[in-house]
Structure formats: structure tokens, C-alpha cells
Amino acid sequence: MKIIQLSDPHLAQPGQRVGGRDPEAGLARAIADINLRHADADLVVISGDLSDDGSPESYATLERLLAALLPPVRLTLGNHDDRPAFLARFPGLACDSGHVQSMTALGETRVILIDTLEEGEVGGRLCEKRLDWLEARLAEAAASDVALFLHHPPMPIGLPAPDACRLEPGSAEALARLCARHGRVRHLSAGHVHRPSAGQWQGLSVSTVRSTCQQTALLFENRFATADEAPGYGILLLDPEAVTMHFHQLPHPGS
């Protein structure tokens, strides 16, 4: 099974640059690259910060760009997103609690996207409604393997500045308990940090991926900076014997 993870496109007003990059061009290049190399993917997930400014125009751009994507796609939100503005453009994507969450069956695997947006906060949170929704979905998937995707990493990645605004500790602990109780969560992957990373957390295989826009510098000190690095996406391969995440950098335009 192949799942492509895009994250943090940070779409904005038409023509507006974000971090010195053209976010619309970045996402369009990623979609074209996926169509060329991974049209056979079972699913594409986009793990939040779909917009940089939460504007209706940014979500209209997102809808237009996604129309070209060949594999099916699922979305969730990040801290730069505006939930009402997003749902005004994509009204069918709210779950019963009003959050942008979903579970998709891919054979014997269930892919779950969790909404960690807490309005007005850079860091993420899972309220009781979202945790209850996740617990119910994991119960429905009791006999299935699960892959989880969310915007804010629940685990530190060792970079002080991004780690300071990850999923808040209480939410992360509740998420870890639910995953342990289910027992068949094969992988958890996040966005938000604009960096590729992989490891283990609470016994789970975990990763984070690049943005399709600007990247975060690899700084092991308490300050934030952007990096002149290529955008990209993750390619998650799941089979009964192994979990593998590849990190693909997009080629330079014209190459």
C-alpha cells in the first residue's frame, strides 16, 4: 500500500509569496510530480496548513489545484487554517463534531486524519470531542491496521523551536493512550515542522515531512530560521512485514 503525504502548502492570496516562495506553484509542482511518479498511490493526504492566511481565496486555489490530482485525497487542518472558511469551500468534510477529520478504508488498513487546529494558537490540541471521535473510529477499526495523520507532531523531534509549538502534552498523552489501547497503529505522521524526520515515540513508528512551500532550517538551538531547501513530500509504504517512509525532494523547475 502506498500513501503520499503532502503538508503545509500555505496557500495565500493570488500572487502572494510566503517565506520567499510561491506557494501555489509549490503545490502545483507537487501534484504534477505525484501524477507523474505515483498515480498508482492508494491515497494522498494533506496534513494541514492548507492556507497561510485562512482566506477564502486560498481555499478556492486549493480546490482548483486538487482537481488535477489523480489519486484520491483526504485533508485536515493546521494552525494557519480557518475552519469556517475552509468548510465554506469544502462543506462535506466536517465530521459530526464539526472538525475536519476522516477515516478511509484501504483494504485491511484504515487511514485516519485528525484535526489538531486550536483557534488562535500556534500549537495543537485535541479536545474531548476530537478524542471521543478518534476513540470511536479506532473501535470501528478494531480488526484493522491503522495509519494516523495529523498536523501537529505529538512527539518532539529534537529541534527546540518547532518542539515548543507541537501538540500540547495532555493531548499527546491522550493520543498515545488511545493508540496503545488499539494496539494496531502501524504509523503516525505529522506536518507543521516543515522538516523530514523519522523515529519512534511511545512504541509507535513516527515521521514528519517537508512543506510544499518553504522549509525550516535544521537548527538544534532555540531559534527559528528558514532554509534554502527543496520542497517535497513523503511516500509511506505499508505492508504486513514493514513500514517505510521515503522523503522525496521535488526536482528544480525545468529539470
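Within every chain, residues take consecutive numbers counted from 1 along the sequence as written. Local features are withheld for residues below a pLDDT of 70 in this predicted model, meaning they are given only at 70 or higher, and side-chain atom pairs are given and counted only at 80 or more; totals for whole chains, interfaces and linings count all residues. Calculation of side-chain values draws on the structure's entire complement of heavy atoms; hydrogens and water are dropped beforehand.

In the annotation of an unreviewed UniProt entry, the protein is listed under the name Phosphodiesterase and assigned to Cereibacter changlensis JA139. The UniProt entry for the protein carries this comment under Sequence similarities (unreviewed entry): "Belongs to the cyclic nucleotide phosphodiesterase class-III family." UniProt positions are given in the numbering used here, feature names are shortened, and annotations may be inferred rather than shown by experiment.

Caption draft 1: Highlighting the packing of aromatic side chains. Aromatic rings from Phe, Tyr and Trp, with only the six-membered ring used for Trp, were paired whenever their centres fell within 6.5 Å, and each pair was classed as stacked if the ring planes differed by under 30 degrees, edge-to-face if by over 60, and tilted otherwise. A full pass over the atoms with the stated rule returns two aromatic pairs. Judged by centre distance (4.8 Å) and plane angle (25°), the ring pair of F86 and F90 falls under stacked. When sorted by exposure, F86 lands in the same class as F90, which is buried. To sort residues, take the accessible area from a 1.4 Å probe on protein chains only and compare it with the maximum for the residue type: under 20% means buried, over 50% means exposed, and anything in between is partly exposed.

Caption draft 2: Focus on the nonpolar core. Put simply, buried Ala, Val, Leu, Ile, Met, Phe, Trp, Tyr and Cys residues joined by side-chain atoms within 4.5 Å make one nonpolar core. If you look at the biggest cluster of nonpolar residues, it comprises 27 residues, and the most contacted ones within it are L6, L50, L62 and F86. Helix numbers and strand numbers start at the N terminus; a helix is a DSSP run of H or I with at least 4 residues, a strand a run of E with at least 2. Listing elements by their share of this core, those giving two or more residues are β1 (2-6), α1 (23-37), β2 (43-47), α2 (56-66), α3 (83-89) and β12 (232-239). Contact definition: two residues touch when any of their heavy atoms are within 4.5 Å. Excluding residues that lie within four positions of it along the chain, F86 makes contacts with L50, Y59, L62, L75, L77, L93 and V100. Counting residues in each nonpolar core, the second largest holds 26 residues, with I114, A172, A174 and V206 among its members.

Caption draft 3: Inspection of the side chain of T61 at higher detail. If you trace the backbone, T61 turns up in helix α2. The residues contacting T61, other than those within four sequence positions of it, are L11 and E24.

Caption draft 4: Highlighting the pairing of β12. A large share of β12 lies buried, amounting to six of its eight residues. Paired strands, as defined in this entry, are two strands with at least two bridges between them according to DSSP. Here β1 pairs with β12 via four bridges, running antiparallel. Pairing of I4 across the sheet is with I235, part of β12. Where β12 meets strand β13 (residues 242-249), eight bridges bridge the pair, whose relative direction is antiparallel. In the sheet register, L237 faces β13, and the bridge partner there is T244. Linking two consecutive strands that pair antiparallel, namely β12 and β13, is a turn of two residues.

Caption draft 5: Structural detail: the pattern of salt bridges. By salt bridge we mean one thing: a side-chain nitrogen of Lys or Arg within 4 Å of a carboxyl oxygen of Asp or Glu. Inspection of the entire model under this criterion finds 18 salt bridges. Of the charged contacts in the structure, one is a salt bridge between R64 and E24, with a shortest N-O distance of 2.7 Å. Of this pair, R64 sits in helix α2 while E24 sits in helix α1, and the two are 40 residues apart along the sequence. We classify R64 as partly exposed; its relative accessible area is 48%. Here R181 ties to E135 by a salt bridge, and the two come within 2.8 Å at their closest N and O atoms. Linking R181 in helix α6 (residues 169-182) with E135 in helix α4 (residues 128-140), this pair joins segments that are 46 residues apart in sequence. Here R181 falls in the exposed class, since its relative accessible area comes to 56%. A relative accessible area of 36% means that E135 is categorised as partly exposed. Put simply, R83, D115, E118, E119, R125, R130 and E168 are held in one network by salt bridges that share partners.

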